[in-house]
Amino acid sequence: MSFFGTDGIRGRAGEGKLSDDSLDRMGAAIGALVGVGGHIVIGSDTRESGPHIQARLKAQLLAYGVNVTELGVLPTPATAWLTGQHRANLGIMITASHNPWHDNGVKLFSPTGQKLSDADQTALEALIQNPPASDGPDGIIIEDGEAVEKYQAHILSALGDIDFSSLKVAVDAAHGAGHGILAKAFAARGATVLTVGGEPDGKNINAGVGSTSPEALVTIVKDGGADVGFALDGDADRILAVTGSGDIIDGDQIIARLALDAKLSGGMKGDALVSTVMANLGLEKWSASQGLEFLRTPVGDRHVAKKMRDLGATIGGEPSGHILITDYATTGDGCLTALMLAASLVRSEQDSDQHLKVFDPVPQILKSVRYEGEKPLERALVKSEIEKQTARLGDEGRILVRASGTEPVIRVMAEGYDPQLISDVVEKICSVIQAPA
């Protein structure tokens with residue numbers, strides 16, 4: 001069984017990769033990798049399976065002589081940042097991000113708070129398959145009861161002395177790890193805050209709320225007369241925005257807004273933007289108009305982060321809302337990004353519809369097709385249909401068909417200047433994927 005996907009280890013809680021046996025093997029492998037006297041920090045989101053997963057991993061880590069600091073419920077980027085703050089050998093975040101409540105997973109961070117490289121994942125995978133025996137004294141448990149407060153102070157420090165007293169903002173925390181944190185951060189700077197998705201019960205994470213279901217936020221923004229709204233995902237490493245008129249602002253527009261702010265203030269580094277193969281052509285063309293090099297990576301913010309480090313770039317991300325601002329964070333950070341966008345909006349004295357719509361996107365359609373059993377992209381008919389539709393679109397756009405690395409879903413994306421054409425292209429590919437084998 002292969003454990004790692006696009007973003008860490010993820011699956012149905014209690015089954016497969018997350019069965020008790022697999023968790024024990026995983027904990028043993030991580031413990032052996034870190035070694036006796038090593039130090040690991042652990043955070044989690046709000047899923048009901050989180051405490052059990054943490055207990056299984058922790059028991060193995062302690063048995064291998066690793067000291068464990070428990071951070072409690074907090075966002076993935078907070079766990080990443082606190083890994084460095086605690087000078088830990090490794091950080092563990094228990095989360096399945098935007099997936100439903102019955103899924104869970106494990107994200108791992110290096111001592112500097114960055115997601116593990118492919119080489120590190122391969123080495124750990126080998127240890128999981130064949131964990132060595134433990135020896136030496138047991139590790140100890142350390143509690144950090146101020147983890148949330150430390151992280152909130154950190155993200156607020158990125159804003160300077162900005163005052164939000166003129167701002168009415170809506171926050172959707174997806175009943176997840178960011179509940180309370182972003183809303184409190186805005187209130188701490190004087191904003192009037194409307195909230196939704198802030199009452200986790202272990203099973204409602206991402207359920208009809210958050211960045212994967214922004215309709216709830218659209219409603220509260222419009223009904224409450226908010227200037228702007230922000231929707232996190234379950235572990236708060238993603239963010240989408242909603243304008244005062246109810247329009248959804250995706251990660252591409254957010255990247256452009258932050259890049260333009262940095263360019264105008266002289267804070268742009270690397271003269272490059274990094275996104276993924278999913279980024280809209282409109283962002284690529286806008287980047288060229290600004291004299292910025294635009295580079296694409298495979299899907300996953302760890303790939304974006306690596307390319308940014310290689311280039312010395314400071315702004316990048318994904319259309320889904322993973323936004324990296326490397327002056328302040330080592331991974332996608334939804335709370336930080338929301339605060340930075342709000343500060344930009346207040347300073348601009350524009351309304352959010354003017355300020356957050358930076359470029360004209362090329363029409364794009366993205367559809368997800370869930371499947372069971374065999375892998376559809378390996379079927380000859382599916383390959384043939386993709387080739388046929390690619391030829392049909394020609395130079396007037398592009399098609400990207402990929403399997404999700406976190407759930408049994410095929411994502412079919414097409415973009416081009418003829419909306420009817422790209423819609424038909426996507427539907428034809430999806431129909432073949434959905435057809436019985």
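Before any of the text, the structure's been laid out above.
To keep things clear, this report deals only with the structure shown in the data block. (Residues numbered from 1 in each chain as written. Predicted model: local features only at pLDDT ≥ 70, side-chain atom pairs only at ≥ 80, totals over all residues. Heavy atoms only, no water.)

All right, on to the overall build of the protein chain then. Regarding its fold elements, the protein chain presents 14 helices and 19 strands. Relative to its length of 437 residues, the protein chain is compact, with a C-alpha radius of gyration of 22 Å against a globular reference of 22 Å. By principal-axis analysis of the C-alpha atoms, the protein chain measures approximately 65 × 60 × 40 Å. Within the protein chain, the proportion of its 437 residues that are buried is 57%. Considering only residue pairs separated by 6 or more positions, the protein chain has 70% of its internal contacts joining residues 24 or more positions apart. Within the structure as shown, the protein chain displays about 17300 Å² of accessible surface, and the carbon and sulfur contribution to it stands at 49%. Averaged over its 39 positive side-chain charges, the protein chain has a centre that lies 3 Å from the centre of its 57 negative ones. (Helix = DSSP H or I, 4+ residues; strand = E, 2+ residues; numbered from the N terminus. Rg over C-alpha atoms; globule rule 2.2 N^0.38 Å. Buried < 20%, exposed > 50% of the residue type's maximum accessible area, 1.4 Å probe, protein only. Contact = heavy atoms within 4.5 Å. Areas by Shrake-Rupley, 256 points an atom, 1.4 Å probe, with all protein chains shown as cover. Lys, Arg positive; Asp, Glu negative; His and termini not counted. Charge placed at Lys NZ, Arg CZ, Asp CG, Glu CD.)

Let us now look at the environment of D360. Here D360 shows up in the loop between helix 12 (352–355) and strand 17 (364–370). In this structure D360 comes out as exposed when scored by relative accessible area, which is 72%. Linking D360 and L283, residues 77 residues apart in sequence, is a C-alpha distance of 8.2 Å.

What follows covers the pattern of salt bridges. Per the counting criterion, the structure on display carries 26 salt bridges. Salt-bridge contacts for R257 lead to D261; the nearest nitrogen and oxygen are separated by 2.8 Å. One end of the pair, R257, and the other, D261, are both in helix 8 (residues 251–265), four residues apart, so they sit about a helical turn from each other. E284 is paired through a salt bridge with R296; the nearest N and O atoms lie 2.8 Å apart. Of the two residues, E284 is situated in helix 9 (residues 281–289) and R296 in strand 14 (residues 293–297); the sequence distance between them amounts to twelve residues. Judged by its relative accessible area of 31%, E284 falls in the partly exposed class. Beyond isolated ion pairs, a larger network of salt bridges with shared partners links D7, R10, K107, K115, D235, D237 and D301. (Salt bridge = Lys/Arg side-chain N within 4 Å of Asp/Glu carboxyl O.)

Further remarks concern the nonpolar core. Counting 61 residues, the largest nonpolar core has F164, F186, F230, L273 and W286 as its most contacted members. Considering each element in turn, this core owes the most residues, ten residues, to helix 11 (residues 334–348). The contacts of F186, once residues within four sequence positions are left out, are F164, L167, V169, V171, A191, V193, F230, A338, L339 and A342. Ranked by size, the runner-up nonpolar core spans 25 residues in total, among them L61, V66, L108 and L116. (Core = buried A, V, L, I, M, F, W, Y, C linked by side-chain atoms within 4.5 Å.)

It is the contact of helix 6 (residues 181–188) with helix 11, at a shortest axis distance of 10 Å, that shows an interaxial angle of 30°. Taken together, the axes of helix 6 and helix 11 lie roughly parallel to each other. Seen along the crossing, helix 6 lies across helix 11 with a hand that is right-handed. From helix 6, I181, L182, A185 and F186 reach across to helix 11, where they touch C335, A338, L339 and A342. Here the residues of the contact of helix 6 with helix 11 are counted per class, giving eight nonpolar, no polar and no charged. (Axes fitted to C-alpha atoms, helices over the stretch in contact; angles between N-to-C directions. Parallel < 35°, antiparallel > 145°, perpendicular 65-115°, else oblique. Left-handed = near helix turned anticlockwise from the far one by under 90°. Nonpolar A, V, L, I, M, F, W, Y, C, P; charged D, E, K, R; others polar.)

A separate point is the layout of surface pockets. Approximately 1100 Å³ is the volume found for the largest pocket. As for the largest pocket, its lining consists of 46 residues, of which T212, R238, P319, S320 and L366 are closest to the centre. Elements represented by at least two residues in the lining of the largest pocket include exactly strand 12 (248–249), helix 8, strand 17 and strand 19 (409–416). Within the lining of the largest pocket, the residues separate by chemical class into 13 nonpolar, 17 polar and 16 charged. Size it by volume and the second largest pocket reaches roughly 400 Å³. (1 Å grid on protein atoms, 1.4 Å probe; cavity = no way out; pocket = protein on both sides within 12 Å on 5 of 7 lines; lining within 4 Å. Points joined across faces, edges and corners; volume = space filled by probe spheres on them.)

Moving on, we get to empty space enclosed by the protein. In the structure shown here, the tally under the stated rule is one cavity of 30 Å³ or more. For the lining of the largest cavity, the element with the most residues is strand 6 (residues 103–109), which contributes three residues. Considering only residue class, the lining of the largest cavity consists of four nonpolar, two polar and four charged.

Now for the packing of aromatic side chains. By the definition in use, this model includes two aromatic pairs. Ring geometry for F164 and F186: centres 5.4 Å apart, planes at 50°, overall tilted. Of this pair, F164 sits in the loop between helix 5 (147–157) and strand 8 (168–172) while F186 is found in helix 6, placing the two residues 22 residues apart along the sequence. Of the two residues, F164 and F186, neither departs from the other in class, the shared state being buried. (Phe/Tyr/Trp six-rings, centres within 6.5 Å; stacked < 30°, edge-to-face > 60°.)

Our focus in this paragraph is the pairing of strand 5 (residues 90–94). Most of strand 5 is tucked away, with five of its five residues classed as buried. Covered by surrounding structure in strand 5 are L90, I92 and I94 together with G91 and M93, the residues of both alternating faces. Relative to strand 5, strand 3 (residues 39–44) runs parallel, the two sharing five bridges. Of the residues in strand 5, the one forming a bridge with V41 is G91. Sheet topology places strand 5 next to strand 6; four bridges connect them, and they run antiparallel. Following the sheet pairing, I92 is matched in strand 6 by L108. (Pairing = 2+ DSSP bridges.)

All right, on to helix 11 then. If you check helix 11, its first and last C-alpha atoms are 21 Å apart, about what 15 residues at 1.5 Å a residue would give, namely 21 Å. Residue D333 occupies the N-cap position of helix 11, its side-chain oxygen lying 3.2 Å from the main-chain nitrogen of C335. (Expected span 1.5 Å × (residues − 1). Polar contact = N/O pair within 3.5 Å; in protein donor to acceptor, adjacent residues only side chain to side chain.)

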